[in-house]
Amino acid sequence: MLKGVACSLSASMLFGYIYYFSTMLVPLTGEDIFAFRIIFTLPFIWAAVFLFRQRFFLKRHFRRIKKHPWLMLVFLTTASITGFEMWLFLWAPNNNEALNVSVGYLILPLMLVLMGRIFFKEKITRLKLVAILLAALGVATDIFAKGGGSWTSAAVCGYAVYFLLRKRFNIMDLASLAIEFTLLLPVCIYFGWHTDIAAAQQVNPHIMWRLVLLGLLSGTAFIFYILASNLLPMNMLGLLSYMEPTLLLISSIFIGEKISSDSYPLFAGLLASIFFVILDGVWEHWYRAKQQANLPLK
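No experiment lies behind these values; they were computed from the predicted model shown.

Asker: Please provide a residue-by-residue account of the packing of aromatic side chains, values included.
Answerer: Applying the stated rule across the entire model yields 17 aromatic pairs. Consider the rings of W70 and F169, whose centres lie 5.9 Å apart with planes at 65°: the pair is edge-to-face. A residue pair is termed long-range when its members are at least 10 positions apart, and W70 in the loop between α3 (55–67) and α4 (71–91) and F169 in the loop between α8 (159–168) and α9 (174–193) qualify at 99 residues. Given the relative accessible area of 46%, W70 is considered partly exposed. With a centroid separation of 5.3 Å and 40° between ring planes, the pair formed by Y159 and Y162 is classed as tilted. Residue Y159 and its partner Y162 are both found in helix α8; the two are separated by three residues, about one turn of the helix. For the pair Y159 and Y162, one class covers both residues: buried. Directly above the aromatic system of F169 lies the positively charged group of R168, at a separation of 5.0 Å from the ring centroid.

In structure tokens form, the structure reads like this:
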């Protein structure tokens, strides 16, 4: 359990640092950074496929695609969604959208709970329902106060469609992620090929080393997350997943973005919803532990 928690926290801290680290890659654009991130991360993903014995899933996906060629369209769709979200993740910190994107990642877990209920008839506990309603109230108040919402926050919430497709078509393993990243590779090579690295080095002399480090950080973060998913029960993994958007929010503040007074109700609603989600997860974990130990509930 402790190893799993350590791996999950390490992954969250690395993803949070990558958010801040992207500001050290100027003058590259979001497209450039995204391209090199995929190029330098892909070897780590494929190494993890073999390290974590995911070859069975890889072969199964290829057999399914051969039998149902339309499944390749599903992989292309999920690859496109995750590619866009990764680009947004790296573009936002350098374009004054870091705070809005971090808000989107705070809302995303609640969107997943809601979509699980709608499409898979998954049960929503009372505490999670309260959390969803508080978050919705905060978002509605923010939209009313500002006269509109942020497209970047909404785009991050759209990431829920990615997880919906992966679950619907049973492609939630590491091998499927390797396939998605590989499908993104031609686009990334195109952007990388058209990047003027020489001009970027004049402004940022250490740019190439930092791009390699970006791939190393990303690959290590993914491996830590995969280890955590194998070592922790789902409810505990879900609770710890809130560490990442919290760190993204902190990174946004370090980057220099400020929370306006108009956004206070939004963050109050989100923080309250996170509290109820964590409370629900702690209760579920304790309840299951009691059941497994065959101890009477007090």
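Asker: A description of the UniProt feature "domain: EamA" (unreviewed entry) in the protein should follow, citing residues and the corresponding values.
Answerer: Under the present numbering, the feature "domain: EamA" (unreviewed entry) in UniProt falls on residues 3–140. Helix makes up 82% of residues 3–140 and strand 0%. Its end C-alpha atoms lie 39 Å apart.

Asker: Break down the packing of helix α2 (residues 30–51) against α4 for me, with residues and values.
Answerer: Interhelical geometry of α2 versus α4 gives an angle of 120° and a closest axis separation of 8 Å. Judged by the angle between their axes, α2 and α4 are oblique. The way α2 lies across α4 gives a crossing that is right-handed. Contacts between α2 and α4 involve G30, E31, I33, F34, R37 and I38 from the first element and G83, M86, W87, F89, L90 and W91 from the second. Tallied by class, the residues present in the contact of α2 with α4 amount to eight nonpolar, two polar and two charged.

Asker: How would you sum up the layout of surface pockets? Please name residues and give values.
Answerer: One number sums up the size of the second largest pocket: a volume of about 360 Å³. The wall of the second largest pocket is formed by 22 residues, among which N100, D142, S150, S153 and L266 lie closest to the centre. Within the residue set of the lining of the second largest pocket, elements represented by two or more residues are α5 (98–120), α6 (126–146), α7 (151–157) and α14 (264–292). Split into classes, the residues belonging to the lining of the second largest pocket amount to ten nonpolar, eight polar and four charged.

Asker: Give me the lowdown on a nonpolar patch on the surface, citing residues and values where you can.
Answerer: A grouping of Y17, Y20, I250 and F254 is seen on the molecular surface, where their side chains present a nonpolar patch of about 420 Å² in accessible area. Residue assignment for the nonpolar patch shows that the elements contributing at least two residues are α1 (2–21) and α13 (243–255). Its place among the elements puts Y20 in helix α1.

Asker: Quick rundown of unusual backbone geometry? Include the residues and the values.
Answerer: Note the cis peptide between V26 and P27, where omega equals 15°. Relative to the assigned elements, P27 resides in the loop between α1 and α2. Here R53, not a glycine, exhibits a phi torsion of approximately 55°, which is positive. At N96, a position not held by glycine, the phi torsion is positive, near 60°. Its place among the elements puts N96 in the loop between α4 and α5. On the accessibility criterion, N96 (65% relative accessible area) is exposed.

Thresholds applied
- Residues numbered from 1 in each chain as written.
- Predicted model: local features only at pLDDT ≥ 70, side-chain atom pairs only at ≥ 80, totals over all residues.
- Heavy atoms only, no water.
- Phe/Tyr/Trp six-rings, centres within 6.5 Å; stacked < 30°, edge-to-face > 60°.
- Helix = DSSP H or I, 4+ residues; strand = E, 2+ residues; numbered from the N terminus.
- Buried < 20%, exposed > 50% of the residue type's maximum accessible area, 1.4 Å probe, protein only.
- Lys NZ or Arg CZ within 6 Å of the ring centre and 35° of its normal.
- UniProt positions renumbered as here; feature names shortened; annotations may be inferred.
- Axes fitted to C-alpha atoms, helices over the stretch in contact; angles between N-to-C directions.
- Parallel < 35°, antiparallel > 145°, perpendicular 65-115°, else oblique.
- Left-handed = near helix turned anticlockwise from the far one by under 90°.
- Contact = heavy atoms within 4.5 Å.
- Nonpolar A, V, L, I, M, F, W, Y, C, P; charged D, E, K, R; others polar.
- 1 Å grid on protein atoms, 1.4 Å probe; cavity = no way out; pocket = protein on both sides within 12 Å on 5 of 7 lines; lining within 4 Å.
- Points joined across faces, edges and corners; volume = space filled by probe spheres on them.
- Patch = residues over 30% accessible without salt bridge, like charges linked within 9 Å, V, L, I, M, F, W, Y side chains within 5 Å.
- Areas by Shrake-Rupley, 256 points an atom, 1.4 Å probe, with all protein chains shown as cover.
- Salt bridge = Lys/Arg side-chain N within 4 Å of Asp/Glu carboxyl O.

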